Amino acid sequence: MSVLDLARPEIRAMQPYSSARMEASGGKVFLNANESPWASNEDDLGCNRYPDPQPAALIDALAALYGVQREQLLVGRGSDEAIDLLVRAFCRAGEDAILIQPPTFGMYAVCAHIQNAAVIEVALAADFTLDVDAVLAAVTPAVKLVFICSPNNPTGQTVPRAAVERLVQALAGRAVLVVDEAYVEFAEAGSVADLIGQYDNLAILRTLSKAWALAGARVGTLLAHADVIALLRRIMPPYPLPLPCVAAALAALSAPSVAAEHIAVIDEQRGVMRAALARVAGVREVLPSQANFLAVRFDDAGAVYQRLLAAGIVVRDVRRYPNLADALRITIGTPAENARVLAILQGGAA
Ligand code: PMP
């Protein structure tokens, strides 16, 4: 059985859009895409032309970075787009389901709702670790995608590699395991991307939005079996990557030491902040985190949120999530920004 047997049959059968850019190889004069022949004012990127749907230089750089083959990789508008594509390709509206472990990133459920796919929830344990047996027990024939987030947003813990392997093996022929590694560059344990070649029902989400400082460029990558990548390309809008975004991504990827330095500062500051916050009056608990944020429980999280806001500091109110009704999620900023947060919480100058 192929992983494609899990996908929506109508997606496999449909005729995909063939963009002008895809049929253009070898040309010198391009009169096939109704573009303007002139560059717009001060444009040196060639934005009068449609971009390459999957730019070769970017694909090469990301394949090297993540250690996969080019055919095992799809680049799009953030990992958000990959989540959406997966749900639309694998879940039949009104029939199929995804499985998530709350509290977790909100877009898995939102994409499922848009597609009218059901959302089965298996809550993380009280310490926010993943219960593999509970997840597997909840997998019905309707479940086509099982999402795990490692490190998990908003709690920060990672899923052990052994748990990923157990899950992907147990789900073979039944569902695709999607491992969201948006924050993995900040985690000691590292990525499980090396497993991509071993399992056709494994998909991994990576992004340049966090560790690579490119949230505004919207460049996210899906790693998966080449058949899954080819399937998703059938339903992806024709030109997902604007030329300025590709240029920004290539520039960042050509200077990896910059990202590495920033990651080291974030990891160090995370330790500093965790220790300092734990000593602040009114703090109940600072959850251990392997990401670039800390989930912090307070006696009165609402009041803390307002106090920070009054000082111009916006943190994430995560009290709507199960088991986090007293918590805020605080991103690790520059050392100066973090010191400011601490000063305010310690009752010092705002
Ligand atoms: N996954 C997780 C766990 C996230 O927290 C986020 C962004 N907050 C994303 C995916 C989406 O990231 P992007 O679309 O910027 O790649």
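Residues numbered from 1 in each chain as written. Predicted model: local features only at pLDDT ≥ 70, side-chain atom pairs only at ≥ 80, totals over all residues.

Per an unreviewed UniProt entry, the chain is named Histidinol-phosphate aminotransferase, and its organism is Rhodanobacter ginsenosidimutans. Quoted verbatim from the Sequence similarities (unreviewed entry) heading of the UniProt record, the comment on the chain is "Belongs to the class-II pyridoxal-phosphate-dependent aminotransferase family. Histidinol-phosphate aminotransferase subfamily." (UniProt positions renumbered as here; feature names shortened; annotations may be inferred.)

Which residues make up the UniProt feature "modified residue: N6-(pyridoxal phosphate)lysine" (unreviewed entry) in the chain, and what values do they have?
The UniProt record marks Lys210 with the feature "modified residue: N6-(pyridoxal phosphate)lysine" (unreviewed entry), using the residue numbering of this structure. Relative to the helices and strands, Lys210 is located in the loop between strand E6 (202–207) and strand E7 (220–224). Once residues within four sequence positions are removed from consideration, Lys210 is found in contact with Ala182, Tyr183, Glu185 and Asn292. (Helix = DSSP H or I, 4+ residues; strand = E, 2+ residues; numbered from the N terminus. Contact = placed C-beta atoms within 7 Å.)

Account for the nonpolar core, with residues named and values stated.
Ranked by size, the top nonpolar core spans 97 residues in total, and within it Ile98, Leu145, Val146 and Leu177 carry the most contacts. It is helix H3 (residues 78–90) that provides the largest number of residues to this core, a total of seven residues. Mapping this core onto the domain boundaries places at least three of its residues in each of domain 1 (3–254) and domain 2 (257–345). (Core = buried A, V, L, I, M, F, W, Y, C linked by C-beta atoms within 7 Å. Buried ≥ 20, exposed ≤ 12 C-beta atoms within 10 Å, placed from the backbone. Domains from an automatic or database assignment.)

Go over the pairing of strand E5 (residues 176–180), please, and point to the residues and values.
Working note: regular strand, side chains alternate between the two faces of the sheet. Extensive coverage of E5 is indicated by the burial of five of its five residues. Judged by which residues are buried, E5 turns out to be covered on both faces: Val176, Val178 and Asp180 on one side and Leu177 and Val179 on the other are all buried. In this structure, strand E4 (residues 143–149) lies alongside E5, joined through five bridges in parallel fashion. Across the sheet, Leu145 pairs through a bridge with Val176, a residue of E5. Between the parallel elements E4 and E5, the chain passes through helix H6 (residues 161–170) in a crossover that is right-handed. (Pairing = 2+ DSSP bridges. Right-handed = clockwise from strand over helix to strand, strands pointing away.)

Now, about unusual backbone geometry: what can you tell me, with residues and values included?
Trans peptide bonds make up the majority, and among non-glycine residues the majority have a negative phi. Here the residue pair Pro102 and Pro103 is connected by a cis peptide bond, since its omega of 0 degrees sits within 30 degrees of zero. With respect to the secondary-structure elements, Pro103 resides in the loop between strand E2 (97–100) and helix H4 (107–115). Even without being glycine, Asn116 reaches a positive phi, approximately 55 degrees. Summarising the element assignment, Asn116 is placed in the loop between H4 and strand E3 (118–121). Phi at Arg218 is positive, roughly 55 degrees, even though this residue is not glycine. In this fold, Arg218 is placed in the loop between E6 and E7. Exposure remark for Arg218: the 21 C-beta atoms within 10 Å place this residue in the buried category.

Outline the confidence of the model for the chain, listing residues and values.
If pLDDT is low for a region, its predicted coordinates should not be looked at in detail. Averaged over all residues, the pLDDT of the chain is 96; the fraction at 70 or higher stands at 99%. Confidence metrics for the complex model read pTM 0.97 and ipTM 0.99. (pLDDT = per-residue confidence, 0-100.)

A description of the sheet that holds E3 should follow, citing residues and the corresponding values.
Spatially, E1-E7-E6-E5-E4-E2-E3 is the arrangement adopted by the seven strands of the open sheet, whose pairing is mixed. Each edge of the open sheet carries a strand with a single partner, namely strand E1 (73–76) and E3. Taking each pair of neighbouring strands and ignoring which way they run, the sheet shows an average axis angle of 20 degrees. Against the sheet, helix H2 (residues 56–66) engages E1, E6 and E7, with an angle of about 120 degrees to E1. Contacts from helix H7 (residues 226–235) reach E1, E6 and E7, with the element oriented near 30 degrees to E1. (Axes fitted to C-alpha atoms, helices over the stretch in contact; angles between N-to-C directions.)

Tell me about the domain arrangement of the chain, residues and numbers included.
Per the domain assignment, the segments of the chain are domain 1 (3–254) and domain 2 (257–345). Here domain 1 and domain 2 have C-alpha centroids that lie 28 Å from each other. Between domain 1 and domain 2, the residue contacts involve 21 residues of the former and 21 residues of the latter. Residue composition of the side of domain 1 that touches domain 2, by class: 13 nonpolar, five polar and three charged. (Nonpolar A, V, L, I, M, F, W, Y, C, P; charged D, E, K, R; others polar.)

How would you explain helix H11 (residues 335–345) if you had to name every residue and give the values?
By the burial criterion, the buried members of H11 are Asn338, Val341 and Leu345. All buried residues of H11 project into a common sector of 55 degrees when viewed along the axis, lining one side. Among the structural elements, helix H9 (256–278), helix H10 (301–310) and strand E11 (327–331) are those in contact with the buried residues of H11. Following H11 by one or two positions, Gly347 adopts a phi angle in the positive range, close to 90 degrees. (Arc of directions from axis to C-beta.)

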